[in-house]
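# Notes for the structure review
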Amino acid sequence: MTSVFFTPWKEWGNMFGKFRKLLEASGVVDHIQKGDLVAIKLHVGELGNPHHLKPGYVRYLVDAIIERGGKPFITDTTTYYKASRHNALDHHHNARMHGFTYETTHAPFIVADGLGFEEGIVVPTEGEMESVHLAQLWEQVDKVIVFSHCKGHPQSAFGGAIKNIAMGCATKAGKLEQHRMVGLEVDLSKCDGCGVCLDKCPDDFPVIENGARITSKESEECMRCPICHAECPTKAIELVDRERMPKALASTAKAFLDLVGTDNVSYISMATNITWGCDCFAAPGEIIAPDIGIFASNDIVAIEKAFLDKAGTEVFEKAHGLSPLIEVEEAARLGLGKLEYQLMEL
Ligand code: SF4
Ligand code: SF4
């Protein structure tokens, strides 16, 4: 049976020491061979986010990779939305401001999608999507360690390893494809044409005509962010087909694993500072679950299920009105891993 290794969070414990033991016991670095180019896929946190992954843990992971003869680097893609990680230069600055420097982590930070405006490679997949745009760098790496921070997410209920490689390894085109699986509709019986949605939209996408918002005339570049949905004073804006987004994440994760090779990828998930919103928010909202610990596995489905079994699915359902199991069960259905696992607590 698939194993998920777990070290519980101890308020007064030496978590760096426990993390090093977890790396050795779990075998998540054992697939690395001399000379391998090893990507550590992580999220440095939107500028100002206080709860992102801490770079001190990354250093121990980097050192473990170097000990095995691998050549590690830290990586992430640029964002579709225009904020502090929209292009590679800003993303580098953001990473340094959050402590992801060579001095701290012992590895360089390389933006996966060039300067941030590459179309990427089209990779076929199954499930909710037929194909997806991924950054070209993923064709060139030998091994990947997916180092995730578990937290809530307004569109997929939670974000862990699946979201880290699905949204996090896609180019801007791939990110837009996944976000637009969610539909946006306006109930014209509630819309009074006030224009708040237009004022709040970062890209001025809403079209207001004759006292109403006309979505059929709007840009196909709207990523369902969904600021206007939250800000509409009459609650006229509805997000529909919401379950398609977490299913699209699983579909994209399949494309990634088919491209890189399932046996070349392993996972570490940090379940502390579990916030309402994801690390893409500078202010991700309140902490919605207590600190749990750190998970490690070679199975992407098992590690996500183990986290949700510890955290409880209801906390994410309550926060976001969507089951966090949708993406995990879809990933299992697509053959990415197993829902059954053996928890090995250290
Ligand atoms: S904010 Fe809501 S009510 Fe106002 S124009 Fe937009 S959709 Fe209509
Ligand atoms: S969801 Fe609304 S606020 Fe967000 S990009 Fe689309 S139109 Fe703009």
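Here, the structure is the one placed above.
Summarised in this report is the structure supplied together with it. (Residues numbered from 1 in each chain as written. Chains lettered and ligands numbered in written order. Predicted model: local features only at pLDDT ≥ 70, side-chain atom pairs only at ≥ 80, totals over all residues. Heavy atoms only, no water.)

## Details of the side chain of His 91
Its location among the elements puts His 91 in helix 3 (residues 88–97). Taking the relative accessible area as the measure of exposure, His 91 reaches 0% and is therefore buried. (Helix = DSSP H or I, 4+ residues; strand = E, 2+ residues; numbered from the N terminus. Buried < 20%, exposed > 50% of the residue type's maximum accessible area, 1.4 Å probe, protein only.)

## Section: the pairing of strand 1 (residues 3–8)
In terms of burial, strand 1 is a largely internal element, 5 of the 6 residues being buried. By the bridge criterion, 4 bridges tie strand 1 to strand 18 (residues 342–345) in an arrangement that is parallel. Looking at the pairing, Ser 3 lines up with Gln 342 of strand 18. (Pairing = 2+ DSSP bridges.)

## Thoughts on unusual backbone geometry
Only a minority of non-glycine residues have a phi that is not negative, and only a minority of peptide bonds are not trans. Here Cys 225 and Pro 226 are connected by a cis peptide whose omega angle stands at -5 degrees. Inspection of the secondary structure assignment puts Pro 226 in the loop between strand 12 (212–213) and helix 8 (227–231). With phi around 60 degrees, Arg 224 is a residue other than glycine that occupies positive phi space. Here Arg 224 is to be found in the loop between strand 12 and helix 8. The class for Arg 224 is buried, based on a relative accessible area of 12%. Positive phi outside glycine occurs at Asp 241, with the angle close to 55 degrees. Checked against the element boundaries, Asp 241 lands in the loop between strand 13 (237–240) and helix 9 (244–260).

## Quick look at the nonpolar core
One finds Trp 138, Val 144, Phe 256, Phe 295, Ile 300, Phe 307 and Phe 316 to be the most contacted residues of the largest nonpolar core, which totals 74 residues. Of the residues forming this core, the biggest block, 9 residues, is contributed by helix 9. Not counting chain neighbours up to four residues away, the residues in contact with Phe 295 comprise Val 4, Phe 5, Phe 6, Leu 22, Tyr 267, Ile 268, Ser 269, Ala 271, Ile 303, Ala 306, Phe 307 and Lys 310. In terms of nonpolar packing, the next biggest core, distinct from the first, is built from 32 residues, Met 15, Phe 19, Leu 53 and Phe 147 among them. (Core = buried A, V, L, I, M, F, W, Y, C linked by side-chain atoms within 4.5 Å. Contact = heavy atoms within 4.5 Å.)

## Points about the site of ligand 1
Around ligand 1, the surrounding shell consists of Cys 191, Asp 192, Gly 193, Cys 194, Gly 195, Val 196, Cys 197, Ile 208, Cys 232, Pro 233, Thr 234 and Ile 237. Looking at the shell around ligand 1, its residues break down into 8 nonpolar, 3 polar and 1 charged. (Near = heavy atom within 4 Å. Nonpolar A, V, L, I, M, F, W, Y, C, P; charged D, E, K, R; others polar.)

## Some remarks on the pattern of salt bridges
Going through the model one piece at a time under the given rule, you end up with 13 salt bridges. For the salt bridge of Lys 41 with Asp 76, the shortest nitrogen-to-oxygen distance reads 2.9 Å. With Lys 41 in strand 2 (residues 37–41) and Asp 76 in strand 3 (residues 71–76), the pair connects residues that are 35 residues apart, well separated along the chain. The residues Lys 41 and Asp 76 share a single accessibility class, namely buried. As a salt-bridge pair, Glu 128 and Arg 244 come within 2.5 Å of each other at their nearest N and O atoms. Here Glu 128 is found in the loop between strand 5 (121–124) and strand 6 (131–134), whereas its partner Arg 244 is found in helix 9, with 116 residues between them in sequence. (Salt bridge = Lys/Arg side-chain N within 4 Å of Asp/Glu carboxyl O.)

## Observations concerning the packing of aromatic side chains
Enumeration according to the criterion identifies 11 aromatic pairs in this entry. Between the aromatic rings of Phe 16 and Tyr 57, the centroid separation amounts to 4.7 Å while the plane-to-plane angle is 70 degrees, which identifies the pairing as edge-to-face. Residue Phe 16 is found in helix 1 (residues 15–26), and its partner Tyr 57 is found in helix 2 (residues 55–67); the two are separated by 41 residues along the sequence. What makes Tyr 57 buried here is its relative accessible area of 7%. When the centroid spacing of 5.6 Å and the interplanar angle of 5 degrees are considered together, the rings of Phe 19 and Phe 147 count as stacked. Note that Phe 19 is positioned in helix 1 and Phe 147 in strand 7 (residues 143–149), a separation of 128 residues in sequence. Per residue, the accessibility class of Phe 19 equals that of Phe 147, and both read buried. One aromatic cluster in this structure is built from Phe 6, Phe 158, Phe 295, Phe 307 and Phe 316. Directly above the aromatic system of Phe 117 lies the positively charged group of Lys 172, at a separation of 4.8 Å from the ring centroid. (Phe/Tyr/Trp six-rings, centres within 6.5 Å; stacked < 30°, edge-to-face > 60°. Lys NZ or Arg CZ within 6 Å of the ring centre and 35° of its normal.)

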